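One letter stands for each residue in the lines below.
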Amino acid sequence: MLETVTKGFRAAKNRLAGKSELTPDLVDESLRDIRVSLLEADVAFDVVKKFVARVREKAVGEVVQTTVTDAGGQKRRVSAMDHFVKICHDELQALMGPVDTSLHLKPKGQLSGIMMVGLQGSGKTTTTGKLASRLLQEGRKPLLVAADIYRPAAVDQLKVLGERLKVPVYHEPGVQPPELAKRGYAAAREQKCDVVLIDTAGRLAIDETLMTELEAIKANVQPDTILLVCDAMIGQDSVRTAAEFDRRLTLDGFILTKLDGDARGGAALSIKEVTGKPIKFLGMGESMDKLEEFRPEGLAGRILGFGDIVGLMKDFEKVVDEKKAEDDARKLLSGQFSMKDFVEQIRMVRKMGPLKDLLEKFPLFGDLTEHLNPDEKELTKIEAMYDSMTQKERLRPDLINASRINRISKGSGRKPEEVRELLQKFGMMQQVMGTIGQNPGLLGRIPGFK
Ligand code: GDP
């Protein structure tokens, strides 16, 4: 995800690695890497220009603090990379934030309405289902209105989603969308539902008929929220679309879909800056549970290749209790986790479902996805090697010498090279974790992490 954007930041980080001072030349060179990748990712030109200027101003102009006091009271030097990454993180967050996921719904029990708009194929119908599923979990009673009457399959698609979610779907053939929406509200009152989600028609491009119809629906039911569903794969075009929809309908915010694919990231970075309206949710896959609240700091972290620590912890909370998640975070971020913790983390990830979705959020892998892309098979191998280690070796992998490698290799049925490779990767992860753990800016953003 967002590989194109991440590439530039990664190059900048490599350039700064090991440097102690952030000189103007280094800043300019690093910003050149970032600028190229932002443009390649289809971030709007003006946004790139502003972002680069803001980072430059801060990085060159600020008096560089050379030491910080960490949580344990220890003084530590701040490297040029730490400093630069912190500025980029803050600016990325400022670009996409502040966080605003409110749907402006009335209190439970009173009828609210959400109007979903977007171009055809953007994922509007799917997202309407996802949002209904989310509202159900929050104890609301949604009703879906199938107002995309021009694409017959859209009505059926929504009915199928409704059946799956056990949510009523309102539709009457032959009725025009503005009237259909109104009757949908009446049906919701009758069925004691408290949120109406209107799935409106999309077109391949914005046209006058589409806009006039949407304006008529809005005037007829006065929804509490109007959300534009945007395909993140489309880049700058989707930002232009967003601006036009906003001009005509006064949007409340956006849902960016298909962020799980190889979206270049342009829309995610430009849309707020260009329109002034917030991104509220991200679509991260086709199934109903793949809708995430948008948190700018999480996405900034992922873009910088640190992994989305807070997002990861939220996923943890679903499987383990909060206390344990917090302890795990603390341990992970201390940079002193052992092989035992490493394997426990992997076991935990496996419980959390499809691995691939999670890897990017996982700090262990965030910066290493290029080197390490373990599939289920590879994880089984890792577990086999781990099982063949003694307790002491698990806690102190640095003690593992050639003869121990051979013993672990025999015990696990893996080649000695594989054991060596595992130890090497583990060492790299330890290093990455150390970097994250020592970055006080990142730590401060983790709830409960003092
Ligand atoms: P609509 O024409 O805007 O109503 O679009 P649909 O809801 O029919 O979605 C178009 C296609 O995009 C379908 O194949 C969806 O499964 C897919 N889709 C929607 N949201 C996402 C997402 O977040 N990730 C991925 N990978 N696919 C999505």
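It should be emphasised that the depicted structure is a prediction, and the values quoted were computed from it without experimental measurement. (Residues numbered from 1 in each chain as written. Predicted model: local features only at pLDDT ≥ 70, side-chain atom pairs only at ≥ 80, totals over all residues.)

Draft legend 1. Looking closely at the overall build of the chain. Looking only at helices and strands, one finds 21 helices and 10 strands in the chain. The buried share of the chain, reckoned over its 450 residues, is 45%. Looking at the chain alone, contacts between residues at least 24 apart form 75% of all its contacts between residues at least 6 apart. (Helix = DSSP H or I, 4+ residues; strand = E, 2+ residues; numbered from the N terminus. Buried ≥ 20, exposed ≤ 12 C-beta atoms within 10 Å, placed from the backbone. Contact = placed C-beta atoms within 7 Å.)

Draft legend 2. View of the pairing of strand 3 (residues 112-117). Counting buried positions over the six residues of strand 3 gives six, a clear majority of the element. The two faces of strand 3 match: Ser112, Ile114 and Met116 on one face and Gly113, Met115 and Val117 on the other face are all buried.

Draft legend 3. Looking closely at helix 4 (residues 80-96). With 17 residues, helix 4 extends 24 Å between its outermost C-alpha atoms, agreeing within 8% with the 24 Å of an ideal straight helix rising 1.5 Å per residue. Most of helix 4 sits out of view: 12 of its 17 residues are buried. Along helix 4, the positions that sit buried rather than exposed are Ala80, Met81, Asp82, His83, Phe84, Val85, Ile87, Cys88, His89, Glu91, Leu92 and Met96. (Expected span 1.5 Å × (residues − 1).)

Draft legend 4. Structural detail: the sheet that holds strand 10 (residues 291-293). Judged by pairing direction, the sheet is mixed, and its eight strands sit side by side in the order 5-4-6-3-7-8-9-10 without closing on themselves. Of all strands in the sheet, those with a lone pairing partner are strand 5 (169-170) and strand 10, marking the two edges. Lying over the sheet, helix 5 (residues 124-137) contacts strand 3, strand 4 (142-147), strand 6 (195-200), strand 7 (225-231), strand 8 (253-257), strand 9 (279-283) and strand 10, oriented at roughly 170° with respect to strand 6. Each of strand 3, strand 4, strand 5 and strand 6 is contacted by helix 7 (residues 177-190), which is oriented at about 160° to strand 4, the strand it contacts most. (Pairing = 2+ DSSP bridges. Axes fitted to C-alpha atoms, helices over the stretch in contact; angles between N-to-C directions.)

Draft legend 5. View of the site of the ligand. The immediate surroundings of the ligand are formed by 19 residues, with Gly123, Lys124, Thr125, Thr126 and Gly283 found nearest. If you tally residues by element for the shell around the ligand, the top one is helix 5, at three residues. Class assignment for the residues of the shell around the ligand results in two nonpolar, 12 polar and five charged. (Near = placed C-beta within 6 Å. Nonpolar A, V, L, I, M, F, W, Y, C, P; charged D, E, K, R; others polar.)

Draft legend 6. Region of the structure containing helix 8 (residues 208-221). In this model, helix 8 (14 residues) spans 20 Å end to end at C-alpha, consistent with the 20 Å of a helix rising 1.5 Å per residue. Turning to helix 8, its buried residues number three or more, namely Leu210, Glu213, Leu214, Ile217, Lys218 and Val221. The buried residues of helix 8 occupy an angular sector of 140° when projected down its axis, which confines them to one face. Set apart from the buried face of helix 8 by more than 90 degrees, the exposed residues are Glu208, Thr209, Thr212 and Ala219. Contact partners of the buried residues in helix 8: strand 3, strand 4, helix 7, strand 6, strand 7 and helix 9 (236-249). Just downstream of helix 8 lies Gln222, where phi reads positive at about 45°. (Arc of directions from axis to C-beta.)

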